[in-house]
Amino acid sequence: MTDRITFDGPVILGAGLAGLSAALASVEGTAGKAMVLSPTPLATGCSSAWAQGGMAAALSADDAPALHAADTIAAGAGLCDPQAVTLLTTEGPDAVRALAALGAPFDRKAGGDFVLSLEAAHSKARVARVGGDGAGAAIMAAVIAAVRAAPSIEIRESARARRLLQDAAGRVVGVLAEIDGALVEIIAPAVILATGGIGGLYAVTTTPKEVRGEGLGLAALAGAVIADPEFVQFHPTAIDIGRDPAPLATEALRGEGAILRNSDARAFMADYHPAKELAPRDVVARAIHAEREAGRGAFLDATVVVGGHFPTEFPAVFEACMSGGVDPRRAMIPVVPAVHYHMGGVATDLDGRASLPGLFAAGECAATGVQGANRLASNSLLEAAVFGARAGRAAAAEVQTGGAPVSLAPFPDLPEAALQTLRKAMSRDAGVVRDATGLTRLLGEVEALEAAHGPCPTLIAARLIVEAALARRESRGGHCRSDFPDTDAVGVRTFVTLQEAGAAVRYAAE
Ligand code: SIN
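The rules behind these values
Residues numbered from 1 in each chain as written. Predicted model: local features only at pLDDT ≥ 70, side-chain atom pairs only at ≥ 80, totals over all residues. Heavy atoms only, no water. Pairing = 2+ DSSP bridges. Helix = DSSP H or I, 4+ residues; strand = E, 2+ residues; numbered from the N terminus. Axes fitted to C-alpha atoms, helices over the stretch in contact; angles between N-to-C directions. Near = heavy atom within 4 Å. Polar contact = N/O pair within 3.5 Å; in protein donor to acceptor, adjacent residues only side chain to side chain. Areas by Shrake-Rupley, 256 points an atom, 1.4 Å probe, with all protein chains shown as cover. Nonpolar A, V, L, I, M, F, W, Y, C, P; charged D, E, K, R; others polar. Phe/Tyr/Trp six-rings, centres within 6.5 Å; stacked < 30°, edge-to-face > 60°. Buried < 20%, exposed > 50% of the residue type's maximum accessible area, 1.4 Å probe, protein only. Lys NZ or Arg CZ within 6 Å of the ring centre and 35° of its normal. Right-handed = clockwise from strand over helix to strand, strands pointing away. Salt bridge = Lys/Arg side-chain N within 4 Å of Asp/Glu carboxyl O.

Visitor: An account of the sheet that holds strand β9 (residues 172-179) is requested, with residue identities and associated values reported.
Guide: Strand order in the open sheet made by the four strands is β1-β10-β9-β8, with mixed pairing throughout. The strands lining the two open edges of the sheet, one partner per strand, are β1 (3-6) and β8 (159-166). Averaged over all neighbouring strand pairs, the angle between strand axes comes to 25°, with direction disregarded. Sheet analysis places β9 next to strand β10 (residues 182-187), joined by six bridges and oriented antiparallel.

Visitor: Tell me what's going on with the site of the ligand, and back it up with residues and numbers.
Guide: Around the ligand sit Gln52, Gly53, His235, Leu248, Thr250, Glu251, Arg281, His340, Arg375, Ala377 and Ser378, and those are all the residues in its vicinity. Between His235 and the ligand, the recorded distance is 2.8 Å, taken from a side-chain N or O atom to an oxygen atom. The side chain of Thr250 places a nitrogen or oxygen atom 2.6 Å from an oxygen atom of the ligand. Coverage of the ligand by the protein chains reaches 96% of its 260 Å² of free accessible surface. Taken together, the residues of the shell around the ligand break down into two nonpolar, six polar and three charged.

Visitor: Outline the packing of aromatic side chains, listing residues and values.
Guide: A complete count under the given rule lists five aromatic pairs for this structure. Seen from their ring centres, Tyr202 and Phe234 are 6.1 Å apart, and the 85° between their planes marks the pair as edge-to-face. Remark: Phe234 occurs in strand β13 (residues 232-239) and Tyr202 occurs in the loop between β11 (191-193) and α5 (214-222); sequence separation between them is 32 residues. When its relative accessible area of 9% is taken as the criterion, Phe234 is described as buried. Feature note: the residues Phe310, Phe314 and Phe318 constitute an aromatic cluster, connected by ring pairs. Seen from the ring of Phe114, Arg108 lies directly overhead, with NZ or CZ sitting 4.1 Å from the centre.

Visitor: So what about the pairing of strand β3 (residues 34-37)? Which residues, and what values?
Guide: Residues of β3 alternate between two faces, with Ala34 and Val36 on one and Met35 and Leu37 on the opposite face, all of them buried. Where strand β2 (residues 11-13) and β3 come together, three bridges link them in parallel fashion. The residue bridging Leu13 from the neighbouring strand is Leu37, located in β3. Handedness of the β2-helix α1 (residues 17-27)-β3 crossover: right-handed. Relative to strand β7 (residues 153-156), β3 is paired through four bridges, and the arrangement is parallel. Bridged to Met35 within β7 is Glu154.

Visitor: How would you explain unusual backbone geometry if you had to name every residue and give the values?
Guide: Residue Asp244 is joined to Pro245 through a cis peptide bond whose omega torsion reads -5°. Along the polypeptide, Pro245 turns up in the loop between β13 and α6 (252-255). One non-glycine residue, Ala43, lies in positive phi territory at about 80°. Residue position: Ala43 is located in the loop between β3 and β4 (55-56). Of note in the backbone geometry, Ser378 takes a positive phi value of approximately 65° without being a glycine. Mapped onto the fold, Ser378 is located in the loop between β19 (366-367) and α10 (380-396).

Visitor: Give a detailed account of the pattern of salt bridges, specifying residues and quantitative values.
Guide: For the coordinates displayed, the defined rule picks out 38 salt bridges. A salt bridge links Arg148 to Glu157; the shortest N-O distance between them is 3.3 Å. Among the residues examined, Arg148 registers a relative accessible area of 51% and is labelled exposed. For Glu474, the salt bridge is made with Arg472, and the minimal N-O distance between the two is 2.6 Å. Taking relative accessible area as the criterion, Glu474 reaches 2% and is therefore assigned buried. Under the relative-accessibility criterion, Arg472 is labelled buried at 8%. A network of salt bridges, in which partner residues are shared, links Glu91, Asp349, Asp351, Arg353 and Arg390.

Put into structure tokens, the structure is as follows:
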């Protein structure tokens, strides 16, 4: 028989920066408590710990939240929610300072000011970094120490959500979790999804493999509104040395002046955009994709601008390159666009509330409206910290409890071989450049996998991406349709439920 626990505080699914920021904020200054479920040991299996660039915020005297907001909105290609962006950029500097106060060792100048890097599509150098390219790991270490020191935060590792529990009215009343291999029903007044993105649904990704849209799929299966699932961000410069996941060559390298060249050593970015290497991320990704498709290859040349300083200035990138036999002090780094971030997610309000009562979402699995059609570099850790904390506070205030859960069966897992089939198909047909032929073929493959394996949350996440990509008959931000290359005059966000997408009806009886 499945154990049942009743917990008097928010249950948080995921232990990246969003989840742990939510946990800390939910108990701060209160007698409340929070429970964090992490499928992997803390600091592993989450994209936050792999982030290289840092956190963008208006931290210098010549910068302002309004300038940061304008850059965010310009990159977002017409789909940002201005209110959410204003909130992000206004609360951003304090969020960075709060992490510094927790012990995140941001790089500082002699006088104590933050060292700030320039990244693509930012009008100012505003990315607070740690040890050159180690921001994510260092920030997570500080936050994990704070969470571990908080007696009111209970952490369960090896704990995966298998279903959101709902009462007869549809309210989310808890979660069915698999903890150390055993199913446990956890009844709680609020559930916060902080399960990260969808990189693991693709064959070429910079994110941990464990991050494969499960939270998104579980929310959709529960009937939550999902926003903008078609908008997947490809980082232009993953290091192409045959590793899965692909290591990242941070955008800060291009900020330092590294040049993109093809195999003839020709600098090609001027052919694609006047801002060259510092063009918006989607433009650079498409340029690299085009050079590779044309057989010319793509390489990042930092031999002159970084050269001998590589091991100390960009230690993570240096180590990754050397592990693949590329010495970036002397040789160009082979690069490939790789799935890096999901702009879409569970639709939320400014406090992380999803469309279902009792359900909240934060970080990459949420769509707050700040990332639009194309996230501005280094806005993701910032969003995780700012909106994670807001979701934590709002969820802690949730006192209403629901009725008994009506459905208790776990959703099925996608077997490994089927997952690998899905990953290849997603990279082939829902990649940097898409068209109706490829997306239709892909939808057929996803449907065949669903017929064989049932409503696995990963398949549901994939279906949402593919159906929305097929439905958006324009190109905008991270979504490029070769058969619809123009951008509509007015940007319209996608809001969809699984019922509308066509699948949930079949699963309603589960
Ligand atoms: C990078 O360092 O290039 C990644 C930063 C980001 O994705 O925000």
